[in-house]
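Geometric and topological summary
Now for the letters of each chain:
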Amino acid sequence: MKNPQFKGLAGHILIGLDDLGLRWFTATVLLICAGFIGWRFKSFRPVNLSILALLALNFVVGITKIYIGRTKPRLSVDVLFANGMSYPSGHASNALVCWGLLAYLIYRYTNRAPFQGINLYPIVGLITFIVFMVSLIRNTHWFSDLLGGVFIGGALLVAIIAIDRFIPSKKQPS
């Protein structure tokens, strides 16, 4: 099955929604916002966490893509170890890690009461779901590629948050 061709407004909307998981876009937004949060609270920690998350994400997803080598759905054949770059989905993992870390940084640095940050998590889930569905509609990833991307992104996000919570900081609320 070839990739469906979406023209006009539908095509622009789908590409725009797909960009919510695009590496350069998510990383740029995350680093700019982390820089602003760090400047506002006089701490390099948000930027350091963001850089750590981006490096870990690109390393883990990149190594996994190279090792698994799964072909894209547009080839109409699912082959592993064929020098493909389909599994796991970088878009899905980028969306979850970058938007999730941004939500966490906003929550963590606004001195909110416990669990008020949960209000941002549905937005992160919605963005990740949208990226997931657009990739399926556009036939750019297999379902399992996207699911693997979400699992890897979720694991990395939890690890980054755990690192932040484990290492104390004087300029950060406890």
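As the structure is a prediction and not an experimental result, all values here were calculated from the model.

**Some details on the overall build of the chain**
Within the chain one finds six helices and zero strands. Ordered by position from N to C terminus, the α and β elements of the chain give α-α-α-α-α-α. Taking all 174 residues of the chain together, the buried fraction comes to 41%. For the chain, the proportion of contacts with a sequence separation of at least 24, taken over those separated by at least 6, is 70%. Surface summary for the chain: the accessible area is close to 9800 Å², and the carbon and sulfur share equals 73%.

**Concerning a nonpolar patch on the surface**
Taken together, the side chains of Leu52, Ile163, Phe166 and Ile167 present a nonpolar region at the surface, about 400 Å² in accessible area. Here Phe166 is to be found in helix H6 (residues 143-166). By relative accessible area, which is 72% here, Phe166 ends up exposed.

**What to know about the nonpolar core**
One finds Leu30, Trp99, Leu101 and Leu105 to be the most contacted residues of the largest nonpolar core, which totals 30 residues. Listing elements by their share of this core, those giving two or more residues are helix H2 (23-40), helix H3 (45-68), helix H4 (90-109), helix H5 (121-137) and H6. Tallying contributions element by element places H4 first for this core, with 12 residues. With residues near it in sequence (within four places) discarded, Leu105 still touches Leu30, Ala34, Ile37, Pro46, Leu49 and Ser50.

**Digging into the packing of aromatic side chains**
Scanning all chains against the criterion turns up five aromatic pairs. Here the aromatic rings of Trp24 and Phe25 are separated by 5.9 Å at their centres, their planes lie at 80 degrees, and the arrangement is edge-to-face. The exposed category is assigned to Trp24, whose relative accessible area is 57%. Aromatic pair Phe25 and Trp99: ring centres 6.2 Å apart, planes at 55 degrees, arrangement tilted. With a gap of 74 residues between them, Phe25 in helix H2 and Trp99 in helix H4 connect regions that are remote in the sequence. The exposure class of Phe25 is partly exposed, given its relative accessible area of 27%. Classification of Trp99 by relative accessible area gives buried; the value is 14%. Put simply, the rings of Trp24, Phe25 and Trp99 pair up and form one aromatic cluster. Taking the ring centre of Phe41 as reference, the NZ or CZ of Arg40 above it sits at 5.2 Å.

**Overview of unusual backbone geometry**
Positive phi is not limited to glycine here, since Lys42 has a value of about 50 degrees. Here Lys42 is to be found in the loop between H2 and H3. Looking at Lys42, the relative accessible area reads 61%, which means it is exposed.

**Some details on the packing of H3 against H4**
Where H3 meets H4, the closest approach of the two axes is 11 Å, and the angle between their N-to-C directions is 165 degrees. Considering the angle they form, H3 stands roughly antiparallel to H4. When the axes of H3 and H4 are compared, the crossing they make is right-handed. Residues Arg45, Pro46, Leu49, Ser50, Ala53, Leu54, Leu57, Val61 and Lys65 of H3 lie in contact with H4, whose contacting residues are Gly90, Ser93, Asn94, Val97, Cys98, Leu101, Leu105 and Tyr109.

**Quick look at the environment of Phe25**
Residues Phe25 and Asn94, 69 residues apart in the sequence, show an inter-C-alpha distance of 9.6 Å. Those residues in contact with Phe25 that sit more than four places away from it in its chain are Asp19, Leu20 and Trp99.

Here is what the cut-offs are and how they apply
Residues numbered from 1 in each chain as written. Predicted model: local features only at pLDDT ≥ 70, side-chain atom pairs only at ≥ 80, totals over all residues. Heavy atoms only, no water. Helix = DSSP H or I, 4+ residues; strand = E, 2+ residues; numbered from the N terminus. Buried < 20%, exposed > 50% of the residue type's maximum accessible area, 1.4 Å probe, protein only. Contact = heavy atoms within 4.5 Å. Areas by Shrake-Rupley, 256 points an atom, 1.4 Å probe, with all protein chains shown as cover. Patch = residues over 30% accessible without salt bridge, like charges linked within 9 Å, V, L, I, M, F, W, Y side chains within 5 Å. Salt bridge = Lys/Arg side-chain N within 4 Å of Asp/Glu carboxyl O. Core = buried A, V, L, I, M, F, W, Y, C linked by side-chain atoms within 4.5 Å. Phe/Tyr/Trp six-rings, centres within 6.5 Å; stacked < 30°, edge-to-face > 60°. Lys NZ or Arg CZ within 6 Å of the ring centre and 35° of its normal. Axes fitted to C-alpha atoms, helices over the stretch in contact; angles between N-to-C directions. Parallel < 35°, antiparallel > 145°, perpendicular 65-115°, else oblique. Left-handed = near helix turned anticlockwise from the far one by under 90°.

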